[in-house]
Amino acid sequence: MPNKINPEVITAAIEGFEAQKRRIDEQIGELRAALSGGGASAAAPSQSAGQPGRQPRRKMSASARRRIAAAQRKRWAEAKKKSAGGAATAKPAARSGRAKRRLSAAGRRAIIEANRKRWAQLRQAAAKKQAARKGAAKKGAARKAAAVRKAAAEKAPAAATE
């Protein structure tokens, strides 16, 4: 290839070839599916997922997982051992001069009372909303009943004259 080719042209060519490769892979998958009597999606799951080129995840044996877990536990134990020596001296220095804050009994009672008041207001608002719904339903039922009575009244004189 000559050296005078623009990099944009090269990237466009690469994209074009990759698109052709995807089309060919799909066609091969469809042919394999037709050969085996299955669906096309079953033949090429990685292509149907919309991520061409991704390999399916490999399965790891139970013994390999155990070895990895044991090695990780060993690393954590070493890390904790190293940090335990330095952290023991650092904690008291960081907390010096500050006492742990505690909630007084009066403060706790005030919070509880405020929560009770808040929940009472919420329950009251919910009850009002429910009552408004029931009232609207009753009005709708009353309107329907009136319409039925009116229709019956209009039919009654017509039936009496016949």
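Remember, it's a predicted structure, so these values are computed and weren't measured experimentally.

**A few points about the overall build of the protein chain**
Working step 1: Counting its regular elements, the protein chain contains five helices and zero strands.
Working step 2: Put simply, the protein chain runs from its N terminus to its C terminus through helices and strands in the order α-α-α-α-α.
Working step 3: The buried share among the 162 residues of the protein chain stands at 2%.
Working step 4: Working note: accessible area of the protein chain is about 15,200 Å², and carbon and sulfur atoms make up 58% of it.

**Thoughts on the packing of aromatic side chains**
Working step 1: This model, assessed by the stated rule, comprises zero aromatic pairs.
Working step 2: When the ring centre of Trp119 is taken as origin, the NZ or CZ atom of Arg118, which lies over that ring, is 5.3 Å away.

**Topic: helix α1 (residues 7-36)**
Working step 1: Over its 30 residues, α1 extends 43 Å from the first C-alpha to the last, a length consistent with the 44 Å expected when each residue adds 1.5 Å.
Working step 2: Gly37 occupies a position one or two residues after α1 and carries a positive phi of about 85 degrees.

**Details of the confidence of the model for the protein chain**
Working step 1: Averaged over all residues, the pLDDT of the protein chain is 81; the fraction at 70 or higher stands at 78%.
Working step 2: In this model, residues 42-49 is a region of pLDDT below 50 whose contacts with residues beyond four sequence positions or in other chains number ten contacts.

Calculation rules
Residues numbered from 1 in each chain as written. Predicted model: local features only at pLDDT ≥ 70, side-chain atom pairs only at ≥ 80, totals over all residues. Heavy atoms only, no water. Helix = DSSP H or I, 4+ residues; strand = E, 2+ residues; numbered from the N terminus. Buried < 20%, exposed > 50% of the residue type's maximum accessible area, 1.4 Å probe, protein only. Areas by Shrake-Rupley, 256 points an atom, 1.4 Å probe, with all protein chains shown as cover. Phe/Tyr/Trp six-rings, centres within 6.5 Å; stacked < 30°, edge-to-face > 60°. Lys NZ or Arg CZ within 6 Å of the ring centre and 35° of its normal. Expected span 1.5 Å × (residues − 1). pLDDT = per-residue confidence, 0-100. Contact = heavy atoms within 4.5 Å.

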